[in-house]
Amino acid sequence: QVQLVESGGGLVQAGGSLTLSCAASGRIFSINAMGWYRQAPGKQRELVATITSDGSTNYADSVKGRFTISRDNAKNTVYLQMNSLKPEDTAVYFCNADVKSSSGTYYRDYWGQGTQVTVSS
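Residues numbered from 1 in each chain as written. Predicted model: local features only at pLDDT ≥ 70, side-chain atom pairs only at ≥ 80, totals over all residues. Heavy atoms only, no water.

Enquirer: Could you clarify how one ought to interpret the sheet that holds strand β8 (residues 77-82) in this entry?
Expert: For sheets, the rule is that strands pair by backbone hydrogen bonds, running either parallel or antiparallel. Taken together, the 4 strands give an open sheet; going across it, the order is β1-β3-β8-β7, and neighbouring strands pair in antiparallel fashion. If you trace the sheet from one side to the other, it starts and ends with β1 (2-7) and β7 (67-72), each paired once. Direction aside, the axes of adjacent strands within the sheet are offset by 15 degrees on average. (Pairing = 2+ DSSP bridges. Helix = DSSP H or I, 4+ residues; strand = E, 2+ residues; numbered from the N terminus. Axes fitted to C-alpha atoms, helices over the stretch in contact; angles between N-to-C directions.)

Enquirer: Help me out: how do you make sense of the side chain of D98 in this one?
Expert: Tracing the chain through its elements places D98 in strand β9 (residues 91-101). Among buried charged residues, D98 stands out as having no salt bridge; its nearest opposite-charge side chain is R108, 7.8 Å away. (Buried < 20%, exposed > 50% of the residue type's maximum accessible area, 1.4 Å probe, protein only. Lys, Arg positive; Asp, Glu negative; His and termini not counted. Salt bridge = Lys/Arg side-chain N within 4 Å of Asp/Glu carboxyl O.)

Enquirer: Teacher, can you tell me more about the state of the cysteines here?
Expert: Disulfides are covalent bonds that link the sulfur atoms of two cysteine residues. Per the counting criterion, the structure on display carries 1 disulfide. With a sulfur-sulfur separation of 2.0 Å, C22 is cross-linked through a disulfide to C95. On the S-S bond that ties C22 to C95, the torsion sits near -80 degrees, and the link is left-handed. Pair noted here: C22 is in strand β3 (residues 18-26) and C95 is in strand β9, with a separation of 73 residues, a long-range link. Accessibility expressed as a relative area gives 0% for C22, which makes it buried. (Disulfide = S-S within 2.5 Å.)

Enquirer: So what exactly am I meant to see when it comes to the nonpolar core here?
Expert: Most often, soluble globular proteins keep nonpolar side chains buried together rather than apart. If you look at the biggest cluster of nonpolar residues, it comprises 32 residues, and the most contacted ones within it are W36, L80, M82 and Y93. Taken together, the elements giving at least two residues each to this core come down to β1, β3, β4 (28-39), β5 (46-51), β7, β8, β9 and β11 (115-120). Counting residues per element, this core draws most heavily on β9, at 5 residues. Every residue in contact with Y93, bar those within four places of it in the chain, is listed here: E6, L20, W36, Y37, R38, V48, F67, L80, M82, G114, T115 and V117. (Core = buried A, V, L, I, M, F, W, Y, C linked by side-chain atoms within 4.5 Å. Contact = heavy atoms within 4.5 Å.)

Structure representation (structure tokens):
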């Protein structure tokens, strides 16, 4: 099977920076898009940023200019560099990947377990 493991969350003051990482492992044939989503308490999960296999990116308006998504295809890893953090960025951040496993026929979505990001004012 395929697993996504996030790391890099934590507590930071407003204006600070954090970098999240998510490594995909297992029986992977190929990975299409990868991305980050977040869910704040009492709110629905929302898209933060996505990146395709050829590097095309998409960002939520709320993070444009502050967050940067990137990936290392050789390592099956996606990153989220978060700068100028605000208290409203506080949420659990989830990694997502569209993966075709070595035993599969189609691509399917996989999710990580989530990592907490807390921004204090």
